[in-house]
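Here are the chains, one letter per residue:
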Amino acid sequence: MRNSRGILSGLFEPYGLARAIVMPCETDLYFRVRDNELEVAQMPNAELRPIPSIWGHAAGLGINPTDNAFIDAALNAACLAAGHFIEPVTSTEAS
């Protein structure tokens, strides 16, 4: 069913119980924060946490330590809220 703006309503209903963190970069020109705001508004149990980075679309690639720390903090907070804890991986463990 379409709402008055022509956007499919109920699109995310099958995912009603899943939790989501949508993390576009503030400077991403491909996945815009405003677009994600509209999507998250339709997603139950979802939150929007834009990554404050100058790296645009590459912010989530794991090459910038500051971006990595922001992403790791968001994931760890979500895991802790769900009753889980994730040990950080050090660079020696990852290789």
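Structure: above.
Notes on the structure follow. (Residues numbered from 1 in each chain as written. Predicted model: local features only at pLDDT ≥ 70, side-chain atom pairs only at ≥ 80, totals over all residues. Heavy atoms only, no water.)

Moving on: helix H2 (residues 65–81). Relative to the 24 Å expected for 17 residues at 1.5 Å per residue, H2 spans 24 Å between its end C-alpha atoms, a close match to the ideal helical length. Along its buried surface, H2 packs onto strand S1 (20–22). Sitting at the head of H2, Asn64 places a side-chain oxygen 2.9 Å from the backbone nitrogen of Thr66. Backbone geometry just downstream of H2 places Gly83 in the positive-phi region, at approximately 90°. (Helix = DSSP H or I, 4+ residues; strand = E, 2+ residues; numbered from the N terminus. Expected span 1.5 Å × (residues − 1). Contact = heavy atoms within 4.5 Å. Polar contact = N/O pair within 3.5 Å; in protein donor to acceptor, adjacent residues only side chain to side chain.)

The next subject is the nonpolar core. Met23, Cys25, Ile51, Ala59, Ile71 and Ala74 form the largest nonpolar core, which has 6 residues in total. Look past the residues within four positions of Ala74 in its chain and what remains in contact with it is Ile21, Met23 and Arg49. (Core = buried A, V, L, I, M, F, W, Y, C linked by side-chain atoms within 4.5 Å. Buried < 20%, exposed > 50% of the residue type's maximum accessible area, 1.4 Å probe, protein only.)

Now for the pattern of salt bridges. Within this structure, the stated rule accounts for 2 salt bridges. The shortest N-O distance in the salt bridge between Arg34 and Glu37 comes to 3.0 Å. One end of the pair, Arg34, and the other, Glu37, are both in helix H1 (residues 33–41), 3 residues apart, so they sit about a helical turn from each other. Close ionic contact of Glu47 with Arg49 constitutes a salt bridge, the shortest N to O distance being 2.7 Å. With a relative accessible area of 25%, Arg49 lands in the partly exposed category. (Salt bridge = Lys/Arg side-chain N within 4 Å of Asp/Glu carboxyl O.)

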